[in-house]
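Here are the chains, one letter per residue:
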Amino acid sequence: GESVGLHLPTLSVQEGDNSIINCAYSNSASDYFIWYKQESGKGPQFIIDIRSNMDKRQGQRVTVLLNKTVKHLSLQIAATQPGDSAVYFCAENHRNNNDMRFGAGTRLTVKP
Amino acid sequence: KAGVTQTPRYLIKTRGQQVTLSCSPISGHRSVSWYQQTPGQGLQFLFEYFSETQRNKGNFPGRFSGRQFSNSRSEMNVSTLELGDSALYLCASSLTTTRREQYFGPGTRLTVT
């Protein structure tokens, strides 16, 4: 989920288990949301996106759920693999002003 | 197609100095955005350039500036460096000014001592 300060929320899962990473967004007028994955020493990498007129979208091994009522976004990773270990963060975008805001991120560690 | 490249990858500077970072976008991309990433503040938008013009600016002091060249390559400059400027500086490019479809470079790790 979201955090402020120096410490990222962490999630540790066993290889093969499913992972759920949560994010609370701030602007009820945001109409587009993205999940990024950032591995150590690399820039953020696009994983999956969802528009506000949807509540679920599936990709390859990933699913994003959007709950606009409580301004909550989640990323589900199926059959988590060691290569999934990274920091994951959400971003919200408002089309009218093209403002893009990023969450603080969650560090996912996959144990073999 | 080559991705976004940033140079240098690592940089150490002392307080009071100035620094220039470079970003080469994906071929054909005309928009370049710059972000600062720190453990305390996360990813924060600095500014965006499109066709050599600054289109958007985040909430950073005037010590942070940038420019874009006719080939879409971009540079950002930070003058009078402070310890708090230590961060990972990320560049992202996109075809248009829609930052939804942006691709990030690996970043430049700046350490100010």
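Thresholds applied
- Residues numbered from 1 in each chain as written.
- Chains lettered and ligands numbered in written order.
- Predicted model: local features only at pLDDT ≥ 70, side-chain atom pairs only at ≥ 80, totals over all residues.
- Heavy atoms only, no water.
- Core = buried A, V, L, I, M, F, W, Y, C linked by side-chain atoms within 4.5 Å.
- Buried < 20%, exposed > 50% of the residue type's maximum accessible area, 1.4 Å probe, protein only.
- Contact = heavy atoms within 4.5 Å.
- Buried area = accessible area lost by both parts, 1.4 Å probe.
- Salt bridge = Lys/Arg side-chain N within 4 Å of Asp/Glu carboxyl O.
- Polar contact = N/O pair within 3.5 Å; in protein donor to acceptor, adjacent residues only side chain to side chain.
- Helix = DSSP H or I, 4+ residues; strand = E, 2+ residues; numbered from the N terminus.
- Nonpolar A, V, L, I, M, F, W, Y, C, P; charged D, E, K, R; others polar.
- Phe/Tyr/Trp six-rings, centres within 6.5 Å; stacked < 30°, edge-to-face > 60°.

Novice: So what exactly am I meant to see when it comes to the nonpolar core here?
Specialist: Side chains of a nonpolar character, in soluble globular proteins, are inclined to be buried together. Formed by 21 residues in total, the largest nonpolar core has its most connected members in Trp34, Leu46, Phe64, Met76 and Tyr89 of chain B. Those residues within four positions of Met76 of chain B in sequence are excluded, and the remaining contacts are Val19, Thr20, Leu21, Trp34, Leu46, Phe47, Phe64, Ser65, Gly66 and Tyr89 of chain B. Counting residues in each nonpolar core, the second largest holds 19 residues, with Tyr25, Val62, Cys90 and Leu108 of chain A among its members.

Novice: Could you clarify how one ought to interpret the interface of chain B and chain A in this entry?
Specialist: Much of the literature gives interface size as the accessible area that the parts lose upon coming together. With 17 residues of chain B in contact, the opposing surface of chain A contributes 19 residues. A buried area of about 1400 Å², summed over both sides, lies between chain B and chain A, and 46% of it is on carbon and sulfur atoms. At the boundary of chain B and chain A, one finds zero salt bridges. Counting across the interface, chain B meets chain A through two residue pairs in polar contact (both at pLDDT 80 or more). Of all the secondary structure elements, the ones that give two or more residues to the side of chain B that touches chain A are strand S4 (31-38), strand S5 (42-50) and strand S9 (87-94) of chain B. Grouping the amino acids of the side of chain B that touches chain A by side-chain chemistry returns seven nonpolar, six polar and four charged.

Novice: Help me out: how do you make sense of the packing of aromatic side chains in this one?
Specialist: Describing an aromatic ring pair means giving the distance of the ring centres and the angle of the ring planes. Under the criterion given, the structure shown has 11 aromatic pairs over all chains. Centroid distance Phe47 of chain B to Tyr49 of chain B: 5.7 Å. Interplanar angle 75 degrees. Geometry classified as edge-to-face. For the pair Phe47 of chain B and Tyr49 of chain B, a shared accessibility class is recorded, and that class is buried. Through pairs of rings, three or more aromatic residues link up here, namely Tyr36, Phe89 and Phe102 of chain A together with Tyr35, Phe45 and Phe104 of chain B.

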